[in-house]
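Observations on the model geometry
Residue strings, one per chain:
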Amino acid sequence: MKPAIFLDRDGTLIFDVGYLPDPQDVKFFPETFTTLLSLQKKFLLFIITNQSGISKGITTESEVKLVNDYVVDMLKSKGVLISQVFCCPHAAEDKCNCKKPNPYFINQAAELYDLNLNDSFIIGDHPSDVECGLNAIITPIYVLTGHGEKHKNELKTDCVISKDIAEASKYILMHSNNDNF
Ligand SMILES: [Mg+2]
Ligand SMILES: [Zn+2]
């Protein structure tokens, strides 16, 4: 069984510029590439992203897919493999079961990829990312990039807080129990 890192997209891997219909507006944090290169030596990597702009009619499903594909392709060009992108298109009013903090996509990935959730982590810049990790019983790490600084007071529980994804990955590599991936 393999452990995994679940990555939020906006504000964690790339700058959060609001609803994002166009790959041209994707801007990676400079530390994203090297960080994921080192994490993928021990973990499978997944992206889980809430894209409520689709439900609200601000972006279309195909625009969001273009952006997700671009992110995956850019990472691939740097040698980083994202196993799968999970995207919730719903808004809170839709009361779906896949929007973070619901652990739906983590559990789905665990089944599809036979993951060891005991040594898996989620990294995100919103309290709902942290809650999603707690709901799936994996370790959450809150980053201060994106909306992280702004929403820090809304964290309901103590959790590891890192400046950015690079610092989060240092924590993970120090605290992972997994030696033989
Ligand atoms: Mg985010
Ligand atoms: Zn959903």
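So, a few notes on the structure that sits alongside this text. Worth saying up front: this structure is predicted, and the values here are computed from it rather than measured.

What follows is about the packing of helix α1 (residues 32-39) against helix α6 (residues 165-175). Interhelical geometry of α1 versus α6 gives an angle of 15° and a closest axis separation of 9 Å. By the angle between their directions, the pair α1 and α6 is classed as roughly parallel. The two elements α1 and α6 meet at a crossing, and its hand is left-handed. Seen from α1, the contacting residues are Thr32, Thr35, Leu36, Ser38 and Leu39; seen from α6, they are Ile165, Ala166, Ser169, Ile172 and Leu173. In terms of residue class, the contact of α1 with α6 is made up of six nonpolar, four polar and no charged.

Neither face of strand β1 (residues 4-7) is open: one carries Ala4 and Phe6, the other Ile5 and Leu7, and all of them are buried. A crossover links β1 with its parallel partner strand β2 (residues 44-50), the connecting element being α1, and its sense is right-handed. As defined by bridge partners, β1 adjoins strand β4 (residues 121-124) across three bridges and the pair is classed as parallel. Bridging across to β4, phenylalanine 6 finds its partner in isoleucine 122.

What counts as what
- Residues numbered from 1 in each chain as written.
- Chains lettered and ligands numbered in written order.
- Predicted model: local features only at pLDDT ≥ 70, side-chain atom pairs only at ≥ 80, totals over all residues.
- Heavy atoms only, no water.
- Axes fitted to C-alpha atoms, helices over the stretch in contact; angles between N-to-C directions.
- Helix = DSSP H or I, 4+ residues; strand = E, 2+ residues; numbered from the N terminus.
- Parallel < 35°, antiparallel > 145°, perpendicular 65-115°, else oblique.
- Left-handed = near helix turned anticlockwise from the far one by under 90°.
- Contact = heavy atoms within 4.5 Å.
- Nonpolar A, V, L, I, M, F, W, Y, C, P; charged D, E, K, R; others polar.
- Buried < 20%, exposed > 50% of the residue type's maximum accessible area, 1.4 Å probe, protein only.
- Right-handed = clockwise from strand over helix to strand, strands pointing away.
- Pairing = 2+ DSSP bridges.

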